[in-house]
Amino acid sequence: MSVQAVTFRPRRWLRNPHVQSVLATSGVRRLLFRRRRAALEDTSSEHILDCGGGVLLQGFYTRQQSLAQPRALAILLHGWEGSVHSTYVMHTGARLLSEGCDVFRLNFRDHGDTHHLNADLFHSCRIDEVVGAVKAIAAMFPERPLIVGGYSLGGNFALRVALHARAAGIALAWAFAVCPPVSPHAAMVAIENAPPFYEYYFMRKWRGSLKRKQSLFPQVDWFTRRELRGGLRELTRSMVQRHTDFGTLENYLDGYALTGERLAALDVPATILTAADDPIIPVADFRALKLAPKTELVIVPHGGHCGFIRDASMRSWAEDFLVERLRLNLAPLPTVAVR
């Protein structure tokens, strides 16, 4: 394991973690960078992936146009209740595209416009189908090297995909995770103790997703109105007890935890980036990890949750950092200094 000292100095008015976190997914950034988004979306092609066990997942592939051969195929994973159109996915995808990478943006089950594809609900322990999706993408597109990365819950999934890669026959060259929840229990407590708009934001989107699922599969007894009015902990417990085999909320949260020595066996080069001031992912969780020699952990003082906004340009320093790490991990590409 290496814990790297990296400098990120946002403008003083951007050192508030809540400002950073809100700006990470704000419509302002979507409007400012419409041309970048268009480069990623206008030539993308939709793909429905057979992930094994009858599971279907949707994704969008964009081929780079600047090089004769792509530098890599980058599979990007969004966060909980995000989608392939989430701001951070679009910006990172556009940046990697401009660096000569082909990009595949994957929707998790019941995210984006995909609730109809599978009868059962999404939950965060559905790692097998995401590994199956990555394997299907790798078989469909021969471009190499192959990398996978994500933000927030997508970062957690990316690290778990990397843990499963060798056994699944996936030749993965590098994985990255930005602000991943390594202790789901601690993240839930942090959301509950954070300013109320965080839980409101997630619950508004999750309730909307569950109601959409109910409308598409009305024959299933999903949730009562009273359960849907519950908070994050209560509704998650109802989901676990009614629609999974985990039995208890604690067993479910432990099912996708990356705490303790769970990442110690990771044999794929990996980079984890987080901010010490992330209001919903406690930094103490990262400092307690036992990591593999090929895993790099980078903690910067500011950045909020998946923000890392530099200045009034609304550009995220995380993109610059990831591109630099991409170049270092996919030698002999030239390296650049992080500023």
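Residues numbered from 1 in each chain as written. Predicted model: local features only at pLDDT ≥ 70, side-chain atom pairs only at ≥ 80, totals over all residues. Heavy atoms only, no water.

K.L.:
Summarise the environment of Val6; cite the residues concerned and give the values.
P.N.:
Relative to the elements of secondary structure, Val6 occurs in the loop between strand S1 (2-4) and helix H1 (17-24). Considered as a pair, Val6 and Leu40 are 34 residues apart in the sequence and their alpha carbons are 29 Å apart. (Helix = DSSP H or I, 4+ residues; strand = E, 2+ residues; numbered from the N terminus.)

K.L.:
Mind laying out the packing of helix H5 (residues 127-140) against helix H6 (residues 153-168), listing which residues take part and the relevant values?
P.N.:
Following both chains from N to C, one finds H5 and H6 inclined at 65°, their axes separated by 9 Å at the closest point. Put simply, H5 runs roughly perpendicular to H6. For the crossing formed where H5 meets H6, the hand is right-handed. Residues Ile127, Val130, Val131, Val134 and Lys135 of H5 touch H6, and the partners they reach there are Phe157, Arg160, Val161, His164 and Ala168. Partitioned by chemical class, the residues of the contact of H5 with H6 number seven nonpolar, one polar and two charged. (Axes fitted to C-alpha atoms, helices over the stretch in contact; angles between N-to-C directions. Parallel < 35°, antiparallel > 145°, perpendicular 65-115°, else oblique. Left-handed = near helix turned anticlockwise from the far one by under 90°. Contact = heavy atoms within 4.5 Å. Nonpolar A, V, L, I, M, F, W, Y, C, P; charged D, E, K, R; others polar.)

K.L.:
Give me the environment of Ser183: which residues, what numbers.
P.N.:
Looking at the secondary structure, you find Ser183 in the loop between strand S7 (172-178) and helix H7 (184-193). By relative accessible area, which is 13% here, Ser183 ends up buried. Sequence spacing of Ser183 and Ile281 is 98 residues, and the spatial spacing of their C-alpha atoms is 8.2 Å. Not counting chain neighbours up to four residues away, the residues in contact with Ser183 comprise Thr259 and Asp285. (Buried < 20%, exposed > 50% of the residue type's maximum accessible area, 1.4 Å probe, protein only.)

K.L.:
Describe helix H3 (residues 34-41), listing the residues and the values that go with them.
P.N.:
Among the residues making up H3, those that are buried are Arg36, Arg37 and Leu40. Viewed end-on, H3 has its buried residues packed into an arc of 95°, placing them on one side of the element. Away from the buried face of H3 by more than 90 degrees, exposed residues Arg34 and Arg35 are located. In this structure, the buried residues of H3 make contact with helix H2 (27-32), strand S3 (56-62), helix H4 (87-98), strand S5 (102-106) and helix H13 (317-329). (Arc of directions from axis to C-beta.)

K.L.:
Account for the nonpolar core, with residues named and values stated.
P.N.:
Residues Leu77, Phe104 and Leu172 are the most contacted members of the largest nonpolar core, which totals 74 residues. Once residues within four sequence positions are removed from consideration, Leu77 is found in contact with Val89, Leu106, Phe108, Val130, Val148, Gly149, Gly150, Tyr151, Gly154, Phe157 and Ala158. Membership of the second largest hydrophobic core comes to 33 residues, among which are Ala24, Tyr151, Val178 and Leu273. (Core = buried A, V, L, I, M, F, W, Y, C linked by side-chain atoms within 4.5 Å.)

K.L.:
Outline the pattern of salt bridges, listing residues and values.
P.N.:
Counted under the stated rule, the structure contains 18 salt bridges. Here Arg242 makes a salt bridge to Glu227, at a shortest N to O gap of 2.6 Å. With Arg242 in helix H10 (residues 232-243) and Glu227 in helix H9 (residues 225-228), the pair connects residues that are 15 residues apart, well separated along the chain. Here Arg242 falls in the partly exposed class, since its relative accessible area comes to 29%. Connected via shared salt-bridge partners are Arg71, Arg95, Glu99, Arg310, Asp320 and Arg327. (Salt bridge = Lys/Arg side-chain N within 4 Å of Asp/Glu carboxyl O.)

K.L.:
Quick one: what's the story with the packing of aromatic side chains, residue by residue and with numbers?
P.N.:
Ring pairs (aromatic) are described by centroid distance and by the angle formed between their planes. This structure, assessed with the given rule, holds 17 aromatic pairs. A centroid spacing of 3.8 Å and a plane angle of 15° characterise the contact between Tyr61 and Phe141, whose relative ring orientation is stacked. Separated by 80 residues along the polypeptide, Tyr61 in strand S3 and Phe141 in the loop between H5 and strand S6 (146-151) bring together distant segments of the chain. Judged by relative accessible area, which is 5%, Tyr61 ranks as buried. By relative accessible area, Phe141 is classed as buried at 8%. Look at Trp174 and Phe176: their rings are 5.4 Å apart centre to centre, the planes differ by 40°, and that puts the pair in the tilted class. Here Trp174 falls in the buried class, since its relative accessible area comes to 1%. Through a chain of ring-to-ring contacts, the aromatic side chains of Phe8, Phe308, Trp317 and Phe321 assemble into a single cluster. (Phe/Tyr/Trp six-rings, centres within 6.5 Å; stacked < 30°, edge-to-face > 60°.)

K.L.:
I'd like to hear about the pairing of strand S2 (residues 45-50), residue by residue, with values.
P.N.:
Note that S2 and S3 share six bridges and pair antiparallel. Looking at the pairing, Ser45 lines up with Tyr61 of S3. Counting the residues that bridge the hairpin from S2 to S3 gives five residues, and of these Gly52 lies at a positive phi of roughly 90°. (Pairing = 2+ DSSP bridges.)

K.L.:
Requested: an account of the side chain of Glu227, with residues and values cited.
P.N.:
Looking at Glu227, its side chain comes within polar contact range of the main-chain nitrogen of Thr224, at 2.9 Å. A distance of 2.6 Å separates polar atoms of two side chains, one belonging to Glu227 and the other to Arg242. Each residue touching Glu227, except ones within four places of it in the same chain, is listed here: Trp222, Leu235, Ser238 and Arg242. (Polar contact = N/O pair within 3.5 Å; in protein donor to acceptor, adjacent residues only side chain to side chain.)

K.L.:
Go over H10 with me, naming the residues and quoting the values.
P.N.:
Taking 1.5 Å as the rise per residue, H10 with 12 residues should run 16 Å; its terminal C-alpha atoms sit 16 Å apart, in good agreement. Regarding H10, the residues found buried are Leu232, Arg233, Leu235, Thr236, Ser238, Met239 and Val240. As for H10, its buried residues are in contact with H7, helix H8 (196-216), H9 and helix H11 (249-255). (Expected span 1.5 Å × (residues − 1).)

As far as function goes, none of this settles anything; it's purely spatial.
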